[in-house]
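# What the coordinates show
The residues making up each chain are set out below.
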Amino acid sequence: MLNQAYQAEASENFNQALNLYNEAKVHPARERQVRLLVKLNQKEAALLLLNQMIDSSTTTEELIFAEDFLERKFHKKRTSRLTDVLRNAEEVWLDEAYFRKPERGMVDHFKNQGLIAHESENFLWSSLFGLVFWDELFENESAAIYNSFERRATNLIGSDFYLKNKATIEQKLLLLSDRKSNITFVLKSILKNNGTLNQIFQWHSATNELMVQFLTYANPQSVAHILRVLANNYDLRRKGFPDIFVVRNNEIHFYEIKAEGDQLKSHQLDQINLLKEAGFSADLLKIKWAQNPEQVFIVVDVETTGGRAEWHRLTEIGAIKIQNGKVIDQFQTLINPGRPIPRMITDLTGITNEMVKGAPKFSEIAEEFNEFSKNAIFAAHNVRFDYSFVQQEYIRLDQSYVRPTFCTVSQSRKYFPGLESYKLSSLCKYFDIPLENHHRALCDAQAAAKILFKIQEKRAKT
């Protein structure tokens, strides 16, 4: 019925749309009805409906809308409740290198403080819901798959999943009354169903670690409360959960991350309130962009057998770890690519087949390099090249390697415009940086690190 109402409103059949919204019993029917009444200048009817919504709201999201709309449209308040909440949120300074990945930046921020932190958003709760109620969703007599492509439980459509399965759901939640039981139950569900396609959640290599770390510290009663709410109306409540969770003082803390210019949406505030109601700590964090001198960078250079990461392999990797304008560590190794090095590559780099014959394969240094670069920004001169090769090596090992990136080429163009060339050798000449063994990984990484220092100095002055 909502879709019919939307279509009628779009076609400017306003009376029909109002009637259809009035007949619909699910959110956001009354919200759309109020907005349309105001648009048609029927303000008394809109005011009456707003007061009804406040007195008997069907959802917290509807209540937030009604209170905000009443204040702004009828009491002339200039800002919404959502804007006020966002303005009063705690501010955290984050390095600009995380500009497009603020959630990842905050996870690294907390991990660098020695805390457990994960990106979670809706994946955490949808996965937990699917794993705990797998039998009710997919295995019992009343369950059925929507079709062979979607694999969505038909008994989850609508809002009566909880009512149809109340006895088994409550019995299961009663059994999951302590942390150890929760972890054991969820791991057994993962072991039994791992990889089975479904539309509740997607399997991920980090699912086990995420679930274990969350359930180790989450209060079982709080978890049960959220799962019960999801079971009552999954479609309505499955989205809008906070971006990350952090373990502090052996307790779970959820954070919704908002960068400059982001808006807080009503369903996000609704989910924050739901988590608080369940007993979790949940708050907003507002990101302010700046150069963070304490931010750790690894400046990387790789040598390869060719120019395409999908087809070619690493022969050498060099990396410089820097913080606060100083080199704090370095990493370097030749790598056996498992294939011949073309003659033209040897002529360029000086790396021969004989040199890499006894070198470790990437699989042998993957764990060490992953640890070396953990919670750091991956920087390089033309970072897409170096990062793609490192990522591809981990993909070949069925592992994920994700880091925020920083390109010293693009940033040099930004902070030192008008130079004739931005090649590594040209910038080294311009800045009087030694480049004695060009096209060897560690030498080029050291040079790129010194260029990064120049960029940081310029950034600090602007």
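Heads up: the structure comes first, above all this text.
The rules we used
- Residues numbered from 1 in each chain as written.
- Predicted model: local features only at pLDDT ≥ 70, side-chain atom pairs only at ≥ 80, totals over all residues.
- Heavy atoms only, no water.
- Helix = DSSP H or I, 4+ residues; strand = E, 2+ residues; numbered from the N terminus.
- Contact = heavy atoms within 4.5 Å.
- Areas by Shrake-Rupley, 256 points an atom, 1.4 Å probe, with all protein chains shown as cover.
- Lys, Arg positive; Asp, Glu negative; His and termini not counted.
- Charge placed at Lys NZ, Arg CZ, Asp CG, Glu CD.
- Salt bridge = Lys/Arg side-chain N within 4 Å of Asp/Glu carboxyl O.
- Buried < 20%, exposed > 50% of the residue type's maximum accessible area, 1.4 Å probe, protein only.
- Pairing = 2+ DSSP bridges.
- Axes fitted to C-alpha atoms, helices over the stretch in contact; angles between N-to-C directions.
- Core = buried A, V, L, I, M, F, W, Y, C linked by side-chain atoms within 4.5 Å.
- Parallel < 35°, antiparallel > 145°, perpendicular 65-115°, else oblique.
- Nonpolar A, V, L, I, M, F, W, Y, C, P; charged D, E, K, R; others polar.
- Disulfide = S-S within 2.5 Å.

## Notes on the overall build of the protein chain
Counting secondary structure elements, the protein chain contains 23 helices and 10 strands. Summarising its shape, the C-alpha atoms of the protein chain cover approximately 80 × 55 × 45 Å along the three principal directions. In the protein chain, the proportion of contacts linking residues at least 24 apart, taken out of those at least 6 apart, comes to 65%. Put simply, the protein chain shows about 23800 Å² of open surface, and 47% of that area lies on carbon and sulfur atoms. Of the charged side chains in the protein chain, 58 are positive and 58 negative, and the gap between their average positions amounts to 3 Å.

## Description of the pattern of salt bridges
This structure, assessed with the given rule, holds 19 salt bridges. For Asp-108, the salt bridge identified is with Arg-104, shortest N-O distance 3.6 Å. One end of the pair, Asp-108, and the other, Arg-104, are both in helix H7 (residues 102–111), 4 residues apart, so they sit about a helical turn from each other. There is no split in this pair, since Asp-108 and Arg-104 are both buried. Two residues, Glu-310 and Arg-308, come together in a salt bridge whose shortest N-O distance is 3.5 Å. Beyond isolated ion pairs, a larger network of salt bridges with shared partners links Asp-95, Glu-96 and Arg-459.

## Considerations on the side chain of Gln-411
Among the structural elements, Gln-411 can be located in helix H21 (residues 408–415). With sequence-adjacent residues up to four places away left out, Gln-411 is seen in contact with Phe-406 and Ile-455.

## Notes on the sheet that holds strand E4 (residues 251–258)
Strand pairing in a sheet relies on backbone hydrogen bonds, with the paired strands running either antiparallel or parallel. An order of E1-E5-E4-E3-E2 is seen for the 5 strands of this open sheet, with the pairing classed as mixed. Edge strands, defined here as strands with exactly one partner in the open sheet, are strand E1 (90–95) and strand E2 (116–119). Sheet twist, expressed as the average angle between the axes of neighbouring strands with direction ignored, equals 35°. Judged from the 6 bridges that link them, E4 and strand E5 (residues 281–290) form a sheet pairing that is parallel. For Ile-257, the partnering residue across the bridge sits in E5 and is Leu-285.

## Description of unusual backbone geometry
At Asn-375, a position not held by glycine, the phi torsion is positive, near 60°. Mapped onto the elements of the fold, Asn-375 is located in the loop between helix H19 (362–372) and strand E9 (377–380). Residue class for Asn-375 comes out buried when judged on its relative accessible area of 9%. Residue His-439 is not a glycine yet carries a positive backbone phi of 75°. Residue placement: His-439 occurs in the loop between helix H22 (424–431) and helix H23 (441–461). According to the relative accessible area criterion, His-439 is partly exposed, its value standing at 26%.

## What about H21?
Every buried residue belonging to H21 is among Thr-408, Val-409, Gln-411, Ser-412 and Tyr-415, and all of these are buried. If you follow the buried residues of H21, they end up packed against E9, strand E10 (405–407), H22 and H23.

## Focus on the nonpolar core
Ranked by size, the top nonpolar core spans 67 residues in total, and within it Met-106, Phe-369 and Phe-378 carry the most contacts. The leading source of residues in this core is H23, at 9 residues. Apart from residues no more than four positions distant in its own chain, Phe-369 is found in contact with Ile-298, Val-300, Ile-317, Ala-319, Phe-331, Val-390, Tyr-394 and Tyr-401.

## Looking at the sheet that holds E9
Taken together, the 5 strands give an open sheet; going across it, the order is E8-E7-E6-E9-E10, and neighbouring strands pair in mixed fashion. This sheet does not close on itself; its edge strands, each paired only once, are strand E8 (326–334) and E10. Taking the axes of each pair of neighbouring strands and ignoring which way they run, one obtains an average angle of 25° across the sheet. Here strand E7 (residues 314–323) pairs with E8 via 8 bridges, running antiparallel. Within the sheet, the bridge partner assigned to Ile-322 lies in E8 and is Val-327. Packing against the sheet, H19 makes contact with strand E6 (296–304), E7 and E8, and its axis sits at approximately 170° to E8. Along the sheet, H23 makes contact with E6, E7, E8, E9 and E10, crossing E7 at roughly 30°.

## Let's talk about the packing of helix H8 (residues 121–132) against helix H12 (residues 179–193)
In the contact formed by H8 and H12, the axes pass within 9 Å of each other and the chain directions differ by 80°. On the basis of their axis angle, the class for H8 and H12 is roughly perpendicular. Only Phe-185, Val-186, Ser-189 and Ile-190 of H12 make contact with H8, whose side of the interface consists of Leu-128, Leu-131 and Val-132. Residues belonging to the contact of H8 with H12 are distributed by class as follows: 6 nonpolar, 1 polar and no charged.

## So, the state of the cysteines
Across all of its chains, the model carries 0 disulfides by this definition. Considering cysteine sulfurs only, Cys-428 is the nearest to Cys-407, which forms no disulfide, with 14 Å between them. On the basis of relative accessibility, which here comes to 15%, the residue Cys-407 falls in the buried class. No disulfide involves Cys-428; its sulfur sits 7.8 Å from the nearest other cysteine sulfur, which is in Cys-443.

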